[in-house]
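Single-letter residue listing:
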Amino acid sequence: MYKVFVGDKPIILTTKVEQETNFKNYLLDTVNIGKVIKELNNSSLSEVRLIHKDQDKLLNKFLKKLPNVIAGGGKVFNDKGEVLFIYRNDKWDLPKGKAEKKETIEETSIREVEEETGVEGLKITKPLETTYHIFKRNGRHRIKITYWFEMKTSFDGTLFPQEKEGITKVEWLNEKQSEKALKNSYANIRALV
């Protein structure tokens, strides 16, 4: 099963057909993805489920429905165990960004964290879950596929929000502060943190 977020509502990719309650079922092969996005945005449905019989083909078949944007990001810990957050578009988020040509996804993730926050000395400690969300750019829907990595750093210098990317704050947050920030974040970020 996979979750692809439209705002905070998921499109669930699954092989199971269940009785509809606060969600709708559609067949993945024949679904009009534009209508599904509109329905999620403009109704009280809590989710939509797209069904396909082959578990191994679920994600690839779905990803062919819209243009894909590949991104990398980091859940960064400092020596005090605090997590690095950015504040953009009135929401708390983790630093991430689009991959550039000839760059590995690990290189993308480190570069984006550095550019968006000013943090240096990053080391990847392990890969995290990949997230999927649909966004609209220039009137077209796209799927952002973000590969996340847990990272560590001993950096204790000044944090610099990348203002040209709309980032207004960068902060190290402890566990309690993180919990509060996640109340004003995105569903896929809450799942990661």
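This write-up is about the structure you can find in this document. (Residues numbered from 1 in each chain as written. Predicted model: local features only at pLDDT ≥ 70, side-chain atom pairs only at ≥ 80, totals over all residues. Heavy atoms only, no water.)

A tally of regular secondary structure across the protein gives 5 helices and 12 strands. Compactness check: the protein gives a C-alpha radius of gyration of 18 Å against a globular reference of 16 Å for 193 residues, within 12% of the reference. With the C-alpha coordinates of the protein rotated into their principal frame, the extents come out at 50 × 35 × 30 Å. Buried residues in the protein amount to 47% of all 193 residues. Expressed as a percentage of contacts within the protein between residues at least 6 apart in sequence, the contacts between residues at least 24 apart total 69%. Surface exposure of the protein reaches about 10,900 Å², of which carbon and sulfur atoms provide 47%. When the 35 basic and 29 acidic side-chain charges of the protein are each reduced to a single mean position, those positions are 7 Å apart. (Helix = DSSP H or I, 4+ residues; strand = E, 2+ residues; numbered from the N terminus. Rg over C-alpha atoms; globule rule 2.2 N^0.38 Å. Buried < 20%, exposed > 50% of the residue type's maximum accessible area, 1.4 Å probe, protein only. Contact = heavy atoms within 4.5 Å. Areas by Shrake-Rupley, 256 points an atom, 1.4 Å probe, with all protein chains shown as cover. Lys, Arg positive; Asp, Glu negative; His and termini not counted. Charge placed at Lys NZ, Arg CZ, Asp CG, Glu CD.)

Another aspect to go through is the nonpolar core. Judged by nonpolar contacts, the single largest core of 22 residues is most densely connected at I11, L13, I33, L50, F62 and I134. Looking at this core, the elements with two or more residues in it are β1 (2–6), β2 (9–14), α1 (33–41), β4 (47–51), α2 (58–63), β10 (131–137) and β11 (140–152). With residues up to four places along the chain from it excluded, the contact list for L50 reads I11, I12, L13, T14, Y26, L28, V31, I33, L58 and F62. Counting 14 residues, the second-largest nonpolar core is a separate cluster that includes I86, V119, I167 and W172. (Core = buried A, V, L, I, M, F, W, Y, C linked by side-chain atoms within 4.5 Å.)

On to α1. Burial in α1 covers these residues: I33, V36, I37, E39 and L40. Angular distribution of buried residues about the axis of α1 spans 165 degrees; they occupy a single face of the element. In α1, the exposed positions angled more than 90 degrees off the buried face are occupied by K35 and K38. Among the residues of α1, the N-terminal cap falls to N32, whose side-chain oxygen and the backbone nitrogen of G34 are separated by 3.0 Å. (Arc of directions from axis to C-beta. Polar contact = N/O pair within 3.5 Å; in protein donor to acceptor, adjacent residues only side chain to side chain.)

Here we take up the side chain of R111. Structurally, R111 is set in helix α3 (residues 105–117). Dropping the residues within four chain positions of it, R111 is found in contact with K98, A99, E100 and E103.

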